Structure formats: C-alpha cells, structure tokens
Amino acid sequence: MKRYIFALFLAAVAIAGCAPKMLPPLQFTSGAVVESVQSEVSLAFSSSQGSGGGRGYLLFRKPDRSHLIVLTPFGTTFMEAFTRGDRLTVVIPSKEIAYAGTFDEIPAKAGLQGWKALRWIVEGEPAGSGKPDGEAVRVNREGKRETVWYNNVGLIIRKLTDEGDEAVYREYRSFDGVPFPSIIEFRDKRGTTLKIGFDEPEINKPLAESALLPRLEGMTLLSIKRMGEE
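Predicted, not measured: the structure shown is a model, and the values here were computed from it. (Residues numbered from 1 in each chain as written. Predicted model: local features only at pLDDT ≥ 70, side-chain atom pairs only at ≥ 80, totals over all residues. Heavy atoms only, no water.)

Draft legend 1. Highlighting the overall build of the protein chain. When helices and strands are tallied, the protein chain shows two helices and 13 strands. Within the protein chain, residue pairs in contact and separated by at least 24 positions form 46% of the contacts whose partners lie at least 6 positions apart. With the model as given, the accessible surface of the protein chain reaches about 13400 Å², and the carbon-plus-sulfur share is 55%. (Helix = DSSP H or I, 4+ residues; strand = E, 2+ residues; numbered from the N terminus. Contact = heavy atoms within 4.5 Å. Areas by Shrake-Rupley, 256 points an atom, 1.4 Å probe, with all protein chains shown as cover.)

Draft legend 2. Local environment of the packing of aromatic side chains. The final tally for this structure, using the stated rule, is two aromatic pairs. For the pair Trp 120 and Phe 186, a centre-to-centre distance of 6.3 Å together with 75 degrees between the ring planes defines the contact as edge-to-face. Of this pair, Trp 120 sits in helix α2 (residues 118-122) while Phe 186 sits in strand β11 (residues 178-187), and the two are 66 residues apart along the sequence. The buried category is assigned to Trp 120, whose relative accessible area is 7%. Judged by its relative accessible area of 5%, Phe 186 falls in the buried class. Taking the centre distance of 4.9 Å and the plane angle of 80 degrees together, the rings of Phe 180 and Phe 198 count as edge-to-face. Note that Phe 180 is positioned in strand β11 and Phe 198 in strand β12 (residues 193-203), a separation of 18 residues in sequence. The two residues Phe 180 and Phe 198 agree in class, both being buried. (Phe/Tyr/Trp six-rings, centres within 6.5 Å; stacked < 30°, edge-to-face > 60°. Buried < 20%, exposed > 50% of the residue type's maximum accessible area, 1.4 Å probe, protein only.)

Draft legend 3. Inspection of empty space enclosed by the protein at higher detail. A full pass over the atoms with the stated rule returns three cavities of 30 Å³ or more. Roughly 220 Å³ of volume is contained in the largest cavity. Val 34, Gly 124, Glu 125, Tyr 172 and Pro 179 are, among the 22 residues lining the largest cavity, the residues nearest its centre. Within the residue set of the lining of the largest cavity, elements represented by two or more residues are α2, β10 (166-175) and β11. A per-element tally of the lining of the largest cavity places β11 first, with five residues. Class assignment for the residues of the lining of the largest cavity results in 16 nonpolar, four polar and two charged. (1 Å grid on protein atoms, 1.4 Å probe; cavity = no way out; pocket = protein on both sides within 12 Å on 5 of 7 lines; lining within 4 Å. Points joined across faces, edges and corners; volume = space filled by probe spheres on them. Nonpolar A, V, L, I, M, F, W, Y, C, P; charged D, E, K, R; others polar.)

Draft legend 4. Expanded view of the side chain of Asp 188. Counting through the fold element by element, Asp 188 comes out in the loop between β11 and β12. Asp 188 sits in the buried class, given a relative accessible area of 5%. Within the structure, Asp 188 has its side chain in polar contact with the backbone nitrogen of Thr 192 (distance 2.9 Å). Ignoring any residue separated from it by four or fewer positions in sequence, one finds Asp 188 in contact with Gly 164 and Asp 165. (Polar contact = N/O pair within 3.5 Å; in protein donor to acceptor, adjacent residues only side chain to side chain.)

Draft legend 5. Structural context of the pairing of strand β6 (residues 97-102). Of all six residues making up β6, six are buried, and the element is well covered by its neighbours. Strand direction decides the pairing type here: strand β5 (residues 87-92) and β6, joined by six bridges, are antiparallel. Residue pairing in the sheet places Val 91 in a bridge with Ala 98 of β6. Remark: four residues form the turn of the hairpin made by β5 and β6, two consecutive strands paired antiparallel; Glu 96 in that turn has positive phi of roughly 55 degrees. Two elements, β6 and strand β13 (residues 220-223), share four bridges in a ladder whose sense is parallel. Bridge assignment links Ala 98 to a residue of β13, and that residue is Leu 221. (Pairing = 2+ DSSP bridges.)

Draft legend 6. A look at the pattern of salt bridges. Taken as a whole and assessed by the stated rule, the structure comprises 14 salt bridges. For the salt bridge of Arg 170 with Glu 185, the shortest nitrogen-to-oxygen distance reads 3.3 Å. Note that Arg 170 is positioned in strand β10 and Glu 185 in strand β11, a separation of 15 residues in sequence. Classification of Arg 170 as partly exposed rests on a relative accessible area of 38%. Between Asp 188 and Arg 190 there is a salt bridge, with its nearest N and O atoms 3.0 Å apart. (Salt bridge = Lys/Arg side-chain N within 4 Å of Asp/Glu carboxyl O.)

Draft legend 7. A look at unusual backbone geometry. With an omega dihedral of 5 degrees, the bond running from Lys 62 to Pro 63 counts as a cis peptide bond. Looking at the secondary structure, you find Pro 63 in the loop between β2 (50-61) and β3 (65-71). Positive phi, close to 55 degrees, is recorded for Asp 176, a residue that is not glycine. For Asp 176, the position within the fold is in the loop between β10 and β11. For Asp 176, a relative accessible area of 69% puts it in the exposed group.

Put into structure tokens, the structure is as follows:
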C-alpha cells in the first residue's frame, strides 16, 4: 500500500511539473490604439511562386505607411519594401534597382501579393472594444465585409473577409498599456501566406519621416510590373 501511495505521489508531482504555467491576466488600457510599430521581425511566407523566410525589421505608422527590411543570413540588406497608400516601392540594394507602382500592378510571378494586405493585417482597433468571446460582422476601411472574433478580454484574435483574406493574432503582450500580438498570420484565397513574429516591438514610439522614405539615389528605377523578370 505504501508503495502504491508513493507511486501516486510521484505521478502527481510529474503531472504538476508538466502542467502549463498560468500566465497573469493581460493588463492594458481600455481604448488604447496602436499608432506605430517598430520591431525586429521573423518572416515566413509562401505563394504559388515558392516560399521562404528570414529576419528583418518592420516600421509601420497609421494609416498606411510602412518600411520592411529583409536581411540576408549574413545580416546585410537583401530587400527593402516601402508602402504608402496603394503604392509600393521595392529596393534591391545589391542590384541597385528599385521597382515602384501600385499594388494592382504587381505581377503574380513576383510573389508579393500578400504585402498588399499589410495595412489590414497590422491595423487594429481600440483595445477591448470587442465583445469578450464574441464576434462581429462589419465593413472594414477597405470597403470589404468581414467577420471578426475576439478573445475573453475583447481583443481581436481572428478576422476573415468575404473574399477569403484571413488574419490570426496570437500571444498578446502589453506595451505601456497598449496590447499587441507577438505573432500575426495571414492567408488569402490564392493560398498566399505570411507569418510575422515580433521581437520586443516598440509601440507608439516616435518614428522619423525619413525612416519611411526610400533612398533612391544611384538606383535604376523600374515599373513594379517588371519585377520578377530576372
């Protein structure tokens, strides 16, 4: 009997050791809004043209400005992408080439369609404005009908448009009272996927205008329509 009780005790200790730790409730300021993001990021993407991943930096400022830097394994800049409204500029430093145009002009072979949704992906809403564990149907700023799902404190965990664009938000953390997800995953109806992991993001910190503008001195500027021809 003593051996049996001791075995049960060891089993209980083992189970307790394997049980997930309870995280403290997320503390944030109700109504807080993400105005800007600066962060080192990990990237994983796939499309009909292939897949890839890596690390880089992302700068974002509402409503529609962004600067993405994708690094090589050696830490040098492989590519930079700048968005402003419906326009995209892609800079390839090693080739001294820049491509510019609208998102609608991006050729399918370039594999960049997922970046068109970047503003929609990152853009949030006032913290805690959703119904806890609820869902809502609405028309977003792009004029598309979407369904939004919330977690138990009213933060967005998923949104899906009628056209099939989907964004999922995981592992929220609070930064000076502003909640922000550690991981965002995107998928569209064509099967394009994008996963962004944020490493110690700076939320709502001053962001210089110059950091959001491409430096095109010495670059050959081409139409975005030609991207992917090489």
